[in-house]
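For reference, the chains in residue letters:
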Amino acid sequence: MNVSSRALRRASSPATWRGGAALKMLFSLFLAGGLAACSEPEAPLSRQQVYPVKLIALSDEGGGVIQRYPGVVEASERSNLSFRIGGELRTLSVQAGQDVEKGELIALLDDRDANSELNNARSSFNLAQATYKRMKYSVDKGAISRARFDEAKAEFQSAQAQFSRAQDQLSYTKLKAPYAGVIARVPVDNYQVVAAQETIAVLQQPGQIDVTFNMPERQVRGINRERAAAGRRGDEALAWVHFGSGKQRYPARYKEHDASASEGSLSYQVTLTLPEPQNITVLSGMSATVELDMQQLTGAVKGQWRVPMEAVVMRDSAPDQAVVWRYVPKVNDSASATDGGQSDDEQGTVEIIKVKVLQATGKGMVISGELSAGDRLVTAGASRMTAGERVRPWVKEAGL
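Residues numbered from 1 in each chain as written. Predicted model: local features only at pLDDT ≥ 70, side-chain atom pairs only at ≥ 80, totals over all residues. Heavy atoms only, no water.

A. The arrangement of the pairing of strand β19 (residues 318-329) in detail. Bridge count between strand β18 (residues 313-315) and β19: three bridges; the pairing is antiparallel. Within the sheet, the bridge partner assigned to arginine 315 lies in β19 and is alanine 318. Taking the residues that link successive antiparallel strands as the turn, the β18-β19 hairpin has two residues. (Pairing = 2+ DSSP bridges. Helix = DSSP H or I, 4+ residues; strand = E, 2+ residues; numbered from the N terminus.)

Structure, rendered in structure tokens:
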């Protein structure tokens with residue numbers, strides 16, 4: 001029992017109930033109880049939830065539809081150098097990346113057998129030539145028949161052909177550069193036995209290089225012929241090439257694409273051409289990354305954007321309509337949003353935008369809709385958004 005209850009009982013007992021003093025005491029006790037009841041803490045108000053969301057800003061660089069493909073470098077003018085005959089490599093004079101002049105020795109085969117055949121052919125030729133000269137003198141004098149002279153003439157011509165062939169066979173043991181250029185690749189080793197027509201070295205002529213890559217059939221069908229012709233002339237920048245892991249990209253011209261699909265696939269080989277870079281060494285067979293402006297090449301309309309796959313969602317109420325959620329900053333946050341910055345206390349809401357999915361790739365989705373460069377779309381958590389939802393852009397903490 002508390003103090004107030006005990007005091008109330010004492011005040012109401014006959015011994016203490018005397019005159020106005022008792023009334024004053026009762027009034028004081030009831031007043032104290034009322035004040036204590038009024039001073040009890042109120043229930044806390046529920047706070048409105050503000051969800052942190054990850055945003056991505058739409059960029060107008062290249063229309064937002066830059067396709068990337070793995071490519072391979074090829075020389076515009078190149079030759080696969082090989083021997084006309086087989087044999088064992090005795091000398092291999094070049095290596096990849098080496099500059100060579102026209103007529104410079106590339107490789108040499110073991111020529112002992114060729115020299116032996118040449119000596120035998122030379123002996124047969126000398127004998128047949130001497131016999132032919134004697135027979136010609138004799139037939140003019142009438143000492144031999146015409147038939148015997150014709151036989152000697154045929155033997156001489158055969159020996160002459162054999163001798164010439166043996167000389168050619170010896171020359172085939174030497175492989176020389178047909179023009180000045182750069183050795184791009186040497187796929188064989190010295191002292192290796194090689195077959196006729198087997199590639200010994202790949203020689204490329206400096207100045208211009210090609211980069212080839214495969215493009216899916218559906219994209220090839222969309223290529224605009226007039227745009228492709230403009231790309232060949234270099235009127236418009238349609239493609240760029242990165243070599244290796246370098247960040248610098250080099251503009252390239254659209255050259256051609258195959259008329260038939262690659263074997264075993266529904267893709268077509270496309271070729272770009274560009275001047276050989278002077279600040280790096282680029283050889284045939286090296287890897288490259290191609291960036292192709294499909295919007296320019298296909299003549300597609302503006303207003304196409306590449307976004308992460310998780311930014312595009314389907315609602316249960318409209319499962320056939322793709323939508324994105326666009327971030328709408330508060331008025332006092334508009335300046336920071338325009339500058340691309342995000343303050344710690346920046347808040348806003350989201351609004352729904354209907355979009356059309358034009359293409360889906362491993363790198364995201366290409367969409368079109370009532371969007372503009374600079375718009376920020378919700379990526380993480382887009383499937384849980386509702387119209388007017390209060391959100392806060394999520395900023396990565398330093399050190400995380």
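B. Local environment of the pairing of strand β21 (residues 364-369). Across the six residues of β21, five count as buried, placing the element largely inside the fold. In this structure, strand β17 (residues 304-307) lies alongside β21, joined through four bridges in antiparallel fashion. Bridge pairing in β21 links valine 307 to methionine 365. (Buried < 20%, exposed > 50% of the residue type's maximum accessible area, 1.4 Å probe, protein only.)

C. Up close: the sheet that holds strand β7 (residues 105-109). Taken together, the four strands give an open sheet; going across it, the order is β8-β7-β5-β10, and neighbouring strands pair in antiparallel fashion. Edge positions in the sheet fall to β8 (174-176) and β10 (193-194), since each has one partner strand and no second. Bridging between strand β5 (residues 87-92) and β7 involves three bridges; their strand directions are antiparallel. Following the sheet pairing, leucine 92 is matched in β7 by alanine 107.

D. Broad picture of the confidence of the model for the chain. In the predicted model, the chain carries a mean pLDDT of 78, and 76% of its residues have values of at least 70. Confidence, read as mean pLDDT per element, is least for helix α8 (residues 334-338) in the chain (44) and greatest for β7 (95). Here residues 15-19 is a poorly scored stretch, pLDDT under 50, and it has eight contacts once near neighbours within four places are set aside; other chains count. Segment residues 333-344 is flagged for pLDDT under 50; beyond a separation of four residues in sequence, or across chains, it makes 16 contacts in the model. (pLDDT = per-residue confidence, 0-100. Contact = heavy atoms within 4.5 Å.)

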